[in-house]
Amino acid sequence: MVVPELLSPAGSLAMMRRAFAFGADAVYAGQPRYSLRVRNNEFGDAARLGQAIDEAHAAGKAFYLVSNVVPHNAKVRTYLADMEDIVALSPDALIMADPGLIDLVRERWPDMPIHLSVQANTVNFAAVRFWQKLGLRRIILSRELSIPEIAEIRQQCPDIELEVFIHGALCIAYSGRCLLSGYFNRRDANQGACTNACRWNYTLNAAAADAAGDVWLLEERERPGEMMPIEEDEHGTYILNSKDLRAVEHVQRLVEIGVDSLKIEGRTKSPYYAARTAQIYRRAIDDAVTGRPFDPRLLSALESLANRGYTDGFYRPRRNADLADQARLQNYQRGSSESEHSRYVGDVLNWDETRQLAEVDVKNHFAVGDRLELIHPSGNVTLRLERMENADGQAIPTAPGNGHRVWIPLPAPRPTPLAEAMLARFS
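Only a predicted model underlies this, so the values are computations on that prediction, with no experimental measurement involved. (Residues numbered from 1 in each chain as written. Predicted model: local features only at pLDDT ≥ 70, side-chain atom pairs only at ≥ 80, totals over all residues. Heavy atoms only, no water.)

Helices and strands together make up the secondary structure of the protein chain, namely 11 helices and 21 strands. Looking at the 427 residues of the protein chain, the share that counts as buried comes to 52%. A fraction of 66% describes how many contacts in the protein chain between residues 6 or more apart in sequence connect residues 24 or more apart. For the protein chain, the accessible area works out to roughly 19,300 Å², and carbon and sulfur atoms hold 50% of it. (Helix = DSSP H or I, 4+ residues; strand = E, 2+ residues; numbered from the N terminus. Buried < 20%, exposed > 50% of the residue type's maximum accessible area, 1.4 Å probe, protein only. Contact = heavy atoms within 4.5 Å. Areas by Shrake-Rupley, 256 points an atom, 1.4 Å probe, with all protein chains shown as cover.)

Rendered as structure tokens:
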């Protein structure tokens, strides 16, 4: 049985460190200019990127560099020169989508492993064989595949690494190739500048009936007068807004199939998100590999993370398109993420032996009397917060929010190292 790699997102060093501490085997991160997360991040700086790669290797982990932009000529002309020093940092692979850039890399750095990005929309075994002939090491399969289809690809292509997504945001477009952002804002999703137009608020206007019946026109709130035909229900519509993928219940089957890497989406999320998803999916993988049955509590643990509602996407073979299938994928109620069960509220920095209290870097409001969860790689503990102090040792009722530090008691025995601990507040 293949023990799959657990692959987590990393938009920062802190996020990478959390993911590794909570069970990830590898992380992926990208430079803003050449990945599909164009916003600035720490890894736009070569020195910081080199530090991250060195830390990953020192820990026996892998670091994959995302370079999956679909480039216009200007970026093609600068690509090799810009990547010269980056390749010298020895990332474990480049994640790429564009055939032209792949060809350039294969010529310049023939020993650099390449993983084919999900942006290449690989949905069949013939395409996998094609890319394998070009020397690629791993294929990240399209999100639009069912588990039986993945199993057939594995059977037909037994000697190449396969990777699939198991958690995170889904696109309404095929593997992210969406044109809405470019249409509305001139910000091309395929250049890394997506504005998430699928998450916006849309309403309907009735137009005159035609031969086909009543005409309903979709209007985005910030663009009055720009109309598109659509349908809605009593909630209004976020018809373009997919639920988030949660496939933890399918991990056992993916392990049985022999998928090499299970991937979590979310490079723009928080270190808390990286830690919690790694912790939960690590447990699911370990259970599957050792033959333990699936623990349904993992489903509820993921519910506590901010989400747009969950779906298992295309993993189950779909019936003919009907309302039940559509409801599995779409979120009609809201465009923003919500967390109904717990919220990340702080990082534990150290233990004050004199005061016998833990110092907490506050991220969100919490108060005396709240039920908290202490989250740590060695296991999680719930507690009721009975008291809290400020830096002067004065009792305070609340931790106001980001930018403050407070001191709180923790249950014994305290986990070590304590600096890897985080706090969440149950709602």
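Still more to cover.
Moving on: the side chain of R138. Positionally, R138 belongs in strand β6 (residues 138–140). Among the residues examined, R138 registers a relative accessible area of 3% and is labelled buried. At 3.4 Å, the side chain of R138 forms a polar contact with the side chain of S261. Excluding residues within four positions of it along the chain, R138 makes contact with E5, L7, Y64, I114, H115, L116, I160, E161, L162, E163 and S261. (Polar contact = N/O pair within 3.5 Å; in protein donor to acceptor, adjacent residues only side chain to side chain.)

Now for the pattern of salt bridges. Applying the stated criterion across every chain, the model contains 26 salt bridges. Linking E222 and R221 is a salt bridge whose minimum nitrogen-to-oxygen distance equals 3.6 Å. Across this residue pair, the class does not change: E222 and R221 are exposed. Close ionic contact of R283 with D287 constitutes a salt bridge, the shortest N to O distance being 2.9 Å. Taken together, the residues R283 and D287, both in helix α9 (residues 271–290) and four residues apart, mark about one turn of the helix. (Salt bridge = Lys/Arg side-chain N within 4 Å of Asp/Glu carboxyl O.)

On to the layout of surface pockets, then. Left-over empty space is what a probe sized like a water molecule reveals as it rolls over the atoms. Approximately 350 Å³ is the volume found for the second largest pocket. Q279, I280, R283, L298 and N380 are the residues nearest the centre of the second largest pocket, which is lined by 14 residues in total. For the lining of the second largest pocket, the secondary-structure elements that each account for two or more residues are α9 and α10 (297–303). The element contributing the most residues to the lining of the second largest pocket is α9, with five residues. Class assignment for the residues of the lining of the second largest pocket results in five nonpolar, three polar and six charged. (1 Å grid on protein atoms, 1.4 Å probe; cavity = no way out; pocket = protein on both sides within 12 Å on 5 of 7 lines; lining within 4 Å. Points joined across faces, edges and corners; volume = space filled by probe spheres on them. Nonpolar A, V, L, I, M, F, W, Y, C, P; charged D, E, K, R; others polar.)

All right, on to the packing of helix α1 (residues 13–21) against α9 then. Packing of α1 against α9 leaves a shortest axis separation of 8 Å and a crossing angle of 15 degrees. On the basis of their axis angle, the class for α1 and α9 is roughly parallel. When the axes of α1 and α9 are compared, the crossing they make is right-handed. Residues A14, M15, R18 and A19 of α1 lie in contact with α9, whose contacting residues are P271, A274, A275 and A278. By residue class, the composition of the contact of α1 with α9 is seven nonpolar, no polar and one charged. (Axes fitted to C-alpha atoms, helices over the stretch in contact; angles between N-to-C directions. Parallel < 35°, antiparallel > 145°, perpendicular 65-115°, else oblique. Left-handed = near helix turned anticlockwise from the far one by under 90°.)

We now examine the packing of helix α3 (residues 73–87) against helix α4 (residues 99–108). Working note: a packed helix pair is described by the angle between its axes plus the distance between those axes. At a minimum axis distance of 11 Å, the contact between α3 and α4 shows a crossing angle of 40 degrees. With respect to each other, α3 and α4 are oriented oblique. Between α3 and α4 lies a crossing of right-handed hand. Along the contact surface, α3 presents V76, Y79, L80 and E84, while α4 presents L101, L104, V105 and R108. Grouping the constituent residues of the contact of α3 with α4 by class yields six nonpolar, no polar and two charged.

So, about the confidence of the model for the protein chain. Overall, the prediction assigns the protein chain a mean pLDDT of 87, with 85% of residues at 70 or greater. Per-residue pLDDT stays below 50 along residues 208–213; that stretch engages in three contacts with residues further than four places along the chain or on separate chains. Taken as a whole, residues 320–324 scores under 50 in pLDDT and shows two contacts with residues more than four places along the chain or in a different chain. (pLDDT = per-residue confidence, 0-100.)

What follows deals with helix α6 (residues 147–156). In an α-helix there are 3.6 residues to a turn, and that puts residues three or four apart on one side. Buried residues of α6: I147, I150, I153 and R154, and no others. Angularly, the buried residues of α6 cover 120 degrees about the axis, an arc narrow enough to put them on a single face. (Arc of directions from axis to C-beta.)

All right, on to empty space enclosed by the protein then. Applying the stated criterion across every chain yields a total of five cavities of 30 Å³ or more. Every residue along the wall of the largest cavity is listed here: V248, E249, V251, Q252, A284, D287, A288, R292, P293, F294 and D295. At three residues, the largest contribution of residues to the lining of the largest cavity is made by α9.

In this section: the environment of N41. Along the chain, N41 falls in the loop between β2 (26–30) and α2 (46–58). N41 sits in the partly exposed class, given a relative accessible area of 24%. Setting aside residues up to four positions removed in sequence, N41 forms contacts with G11, G30 and P32. Of note is the side chain of N41, whose polar atom sits 2.7 Å from the backbone nitrogen of F43.

Here we take up the side chain of D312. When you line up the elements, D312 lands in the loop between β13 (310–311) and α11 (323–329). Reaching out from D312, the side chain makes a polar contact with the side chain of H250 at a distance of 3.1 Å. Looking at D312, its side chain comes within polar contact range of the side chain of R316, at 2.8 Å.

Next up on the list: the sheet that holds strand β21 (residues 422–426). Across the sheet, six strands lie side by side as β18-β17-β21-β14-β15-β20; this open sheet has antiparallel pairing. In this open sheet, the two edge strands, each paired with only one partner strand, are β18 (381–384) and β20 (405–408). Each strand axis lies, on average, 35 degrees off the axis of its neighbour in the sheet, ignoring direction. Judged from the five bridges that link them, strand β14 (residues 342–352) and β21 form a sheet pairing that is antiparallel. (Pairing = 2+ DSSP bridges.)

With that settled, consider the packing of aromatic side chains. Summed over the entire model, instances satisfying the criterion amount to four aromatic pairs. Summarising the aromatic geometry, the rings of Y34 and Y79 are spaced 5.0 Å apart at their centres and angled 90 degrees between planes, so their arrangement reads as edge-to-face. Taken together, the residues Y34 in the loop between β2 and α2 and Y79 in helix α3 connect sequence positions 45 residues apart. For Y34, a relative accessible area of 3% gives the class buried. Taking 5.8 Å as the distance between ring centres and 85 degrees as the angle between the ring planes, the aromatic pair formed by F43 and F63 counts as edge-to-face. A residue pair is termed long-range when its members are at least 10 positions apart, and F43 in the loop between β2 and α2 and F63 in strand β3 (residues 62–66) qualify at 20 residues. (Phe/Tyr/Trp six-rings, centres within 6.5 Å; stacked < 30°, edge-to-face > 60°.)

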